[in-house]
Amino acid sequence: TELVGEEKTNQFFAKWRENHFMQEDVDSLAAWGFNSIRVPLHYNLFTLPIQEEPNSDQNTWLETGFDIIDNVLEWAEPHQMYVILDMHAAPGGQGRNSEISDYDPSKPSLWESERNKTKLVELWKKIAERYKDNKWIGGYDLINETNWDLPGGVALRDIYERITTEIRGIGDNHILFIEGNDYGNNHAGLTPPWDDNMVYSFHKYWSFNDSLDWVTWIRSQYGVPLWMGEGGENSNQWFTEAIKMFEDNYIGWALWPWKKLESISAPFAIGSNSNYESLVNYFRGQSDAPSVQDAVDGLMQLAEDSHISNN
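An account of the accompanying structure is given in this report. (Residues numbered from 1 in each chain as written. Predicted model: local features only at pLDDT ≥ 70, side-chain atom pairs only at ≥ 80, totals over all residues. Heavy atoms only, no water.)

Turning our eyes to something else, we now look at the nonpolar core. Proteins that are soluble and globular tend to have nonpolar side chains buried together. Leu85, Trp124, Ile127, Tyr140 and Leu142 are the most contacted members of the largest nonpolar core, which has 65 residues in total. Residue contributions to this core peak at 7 residues, all from helix α5 (residues 114–131). Ignoring sequence-local partners within four residues, the contact set of Ile127 consists of Leu41, Phe66, Leu85, Met87 and Tyr140. Phe12, Ile270, Ala295 and Ala303 belong to the second-largest nonpolar core, a separate cluster that totals 11 residues. (Core = buried A, V, L, I, M, F, W, Y, C linked by side-chain atoms within 4.5 Å. Buried < 20%, exposed > 50% of the residue type's maximum accessible area, 1.4 Å probe, protein only. Helix = DSSP H or I, 4+ residues; strand = E, 2+ residues; numbered from the N terminus. Contact = heavy atoms within 4.5 Å.)

This part is about the packing of helix α10 (residues 274–283) against helix α11 (residues 292–305). Axis separation between α10 and α11 bottoms out at 7 Å; the angle between their running directions is 115 degrees. Note on packing geometry: the crossing formed by α10 with α11 is left-handed. Of the residues in α11, those in contact with Asn275, Tyr276 and Leu279 of α10 are Asp294, Ala295, Asp297, Gly298, Leu299 and Leu302. Within the contact of α10 with α11, the residues separate by chemical class into 5 nonpolar, 2 polar and 2 charged. (Axes fitted to C-alpha atoms, helices over the stretch in contact; angles between N-to-C directions. Left-handed = near helix turned anticlockwise from the far one by under 90°. Nonpolar A, V, L, I, M, F, W, Y, C, P; charged D, E, K, R; others polar.)

By the definition in use, this model includes 16 salt bridges. Notably, a salt bridge pairs Glu18 with Lys15, separated by 3.5 Å at the nearest N-O pair. Within this pair, Glu18 and its partner Lys15 are both found in helix α1 (residues 6–20), separated by 3 residues, close to a single helical turn. Its salt-bridge partner being Asp248, residue Lys244 comes within 2.8 Å of it at the nearest N-O pair. Placement of the pair is Lys244 and Asp248 together in helix α9 (residues 236–248), with a separation of 4 residues, close to one helical turn. Owing to a relative accessible area of 52%, Lys244 belongs among the exposed residues under this scheme. Residue Asp248 is classed as partly exposed on the basis of its relative accessible area of 47%. What you see here is one network of salt bridges that share partners, running through Arg38, Asp86, Asp141, Glu179 and Glu230. (Salt bridge = Lys/Arg side-chain N within 4 Å of Asp/Glu carboxyl O.)

Okay, unusual backbone geometry next. A cis geometry characterises the amide bond from Thr191 onward to Pro192, with omega recorded as 0 degrees. Among the structural elements, Pro192 can be located in the loop between α7 (181–184) and β5 (198–205). Cis geometry marks the peptide bond from Trp256 to Pro257; its omega dihedral reads -15 degrees. Note on placement: Pro257 falls in the loop between β7 (252–256) and β8 (259–261). Residue Asp182 is not a glycine yet carries a positive backbone phi of 55 degrees. In this fold, Asp182 is placed in helix α7. Overall, the relative accessible area of 36% leaves Asp182 in the partly exposed class.

Printed below as a string of structure tokens:
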């Protein structure tokens, strides 16, 4: 934004969202036998950050995020594919890993701000009001990969229960996917289950495909299903072994991510370009700033190249 201005920045992100995932992507997933799509949500496409709210005790609602969900549902329904909504970046950020949750250390996180917590709860209520009767919503992944010091998981369970109360209170009975702390995998404090339509979700990256005993005990003890909601960024051999292990244990799974830049560790690779690389090198402090025009050209070319036909 500082380099090319807010207008050009917004144009880039709009074009990126338009091209990165569209009907052709859903058609491809369906053709390959996938029966669900986990859609990562950034709260700022649905509501303003608390610092930008004109009235501190009210929420401003935006249509951008809802339009995206509506599109995916429209594309998925003819294929009878489920759409699972994942709160990937919660108000304030739910983890210290800024590249995942968009946490800004200069501002209060989700866990440090009651206003952020309330906004998250009210956002899920707003989502549920809109989709409670949609049969192709596969469920709600309430908070992605919390990564914060939350002793005993008390604060995490509390916010989950608050969200559950609001969703169920308006008559929405979709599945609630519950991730643990520590990137989704520490379920301390989150058992026993508090709802009769819950699934405990875990993630799996960069680890041996030897055993799932560390998480299957939850299912055995409480009779609640498991879902491997995110895993990937590895080799074809790892994918083959991991998926066999999940399915041998009757656990559904979702790969992450769909596309990566210049990488073969995802189903699709997006090509880069020299103007974009110059911009990245500038951000890394390895070169002088490119011209505004070169930076804009590089960004818009990247957005264009994110279309599946170019991957």
